Each structure stands twice: as structure tokens, then as C-alpha cells.
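As a plain string of letters, each chain reads:
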Amino acid sequence: IMKKILYMGLCACCMFSCSEDIWIEDLTEMEKDKIRGRYELVSAVWEGDPIDLNDDGVATNDYLEEFGGYGADYQATFQGDVSIGVPYTWLHGHGEWRYVEKSTEYLRARYEVLIQNDRAVLEFDFRGELYDFTLIENGLVSFRKDMTVHKGSGEDIAESTAPVLFTYKRYKYWRKNI
């Protein structure tokens, strides 16, 4: 009888242990599902003094409009790795031949799901960089990054730095292992 009781106790422990692992895996996958997919930039708000990068004579805080771009030009991908495209300016050339070029910077990161107090939490590692990264809702993410923009040419180039709040919306969802 003691052997049967001991055997039944061991079976119960194994079942509880397995169900705990399955529960954690389900919770982890549900959290990853909130962010998996391909995204496009839907808004970018310059949080400094208004800027005029598109030379239309109107300074605004609409960073995306000032780049003359469409959100689809700036993509983000969330799978196991994260790749986020953000518009920026950089200086090209030397001396009086300097000019401002618009381009895309790609931020790379990894993310993982941490279980804290029976809740799943996404944690992002942008290789040492810290960004105020927020999952607003399923398929909508935002983050804040300090950006420096340039305007002008030759010796007359102005530079401004301010935080920009980028918001991306998912347009394509990927299931696990795709």
C-alpha cells in the first residue's frame, strides 16, 4: 500500500510540474502574439521646438511629415529579433561641400517574455540603448528616442536634438515559427 501511495504522489507531482510548464509556455506565446508581425510607422512626434525639414516654410512637430515620407517607408519587424526603421538626417561631404541627407536608421534588438507574479512582461534589449518602449495594445507599439536633425548646406548647417515619439501599427501578423 505504501508503494502505491508513493507512486501516486510522484505521478501527481509530475503532472503538476508539466502543467506549470505548459501554462508558462502558453502565457509566453500569448504575450509574443501581441507584438509579432510587420509594422509601419503611423506617426512620429518631434517633442522639441517645431522644425521645417521639408522646406515648405511651415515648421511643425510632425516629424514624419517633415521628412516628406509615408509611414510605409519606415518598417518595423517583430519576430525573435526586432528591427525598427526610423527616419533621420546625417551630414555628407566636407567644408563648404557639406549637405544634409535623409536616410533610415535601423535599430536592432531582441525581446523575451519574463514571467513576474503570474504575469507575462515583454522585455526589450536594444544592445545597451534605453528607449521608452510601450506596447499600447495588440499590434500598436510606440517608443521614444532622442534624434538629431540637420538643416542647411555648406558652412551654414543648423542642428537640433529632441525626443521623438514614434508609433508603429501592425499590418501583417506572423504566427509562431514563421
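Structure report, in brief. These numbers come from a predicted model, not from an experiment.

1. Side note on the packing of aromatic side chains
Aromatic rings considered in pairs are described by the distance between their centres and by the relative angle of their planes. Going through the model one piece at a time under the given rule, you end up with 6 aromatic pairs. A ring pair is formed by Tyr39 and Phe78, whose centres lie 5.0 Å apart and whose planes are at 70°; its orientation type is edge-to-face. Separated by 39 residues along the polypeptide, Tyr39 in strand β1 (residues 37-46) and Phe78 in strand β2 (residues 75-78) bring together distant segments of the chain. Across the pair, Phe78 and Tyr39 agree in class, each one buried. Aromatic side chains Tyr63 and Phe67 sit 4.8 Å apart centroid to centroid with 55° between the ring planes, which places their arrangement in the tilted category. Looking at Phe67, the relative accessible area reads 7%, which means it is buried. Put simply, the rings of Trp46, Tyr63, Phe67, Phe143, Phe166 and Tyr168 touch in pairs and so form one group of aromatic residues.

2. Section: unusual backbone geometry
The backbone of Asp55 shows a phi angle near 55°, a positive value even though the residue is not glycine. Note that Asp55 resides in the loop between β1 and α2 (63-66). Taking relative accessible area as the criterion, Asp55 reaches 59% and is therefore assigned exposed.

Criteria and cut-off values
- Residues numbered from 1 in each chain as written.
- Predicted model: local features only at pLDDT ≥ 70, side-chain atom pairs only at ≥ 80, totals over all residues.
- Heavy atoms only, no water.
- Phe/Tyr/Trp six-rings, centres within 6.5 Å; stacked < 30°, edge-to-face > 60°.
- Helix = DSSP H or I, 4+ residues; strand = E, 2+ residues; numbered from the N terminus.
- Buried < 20%, exposed > 50% of the residue type's maximum accessible area, 1.4 Å probe, protein only.

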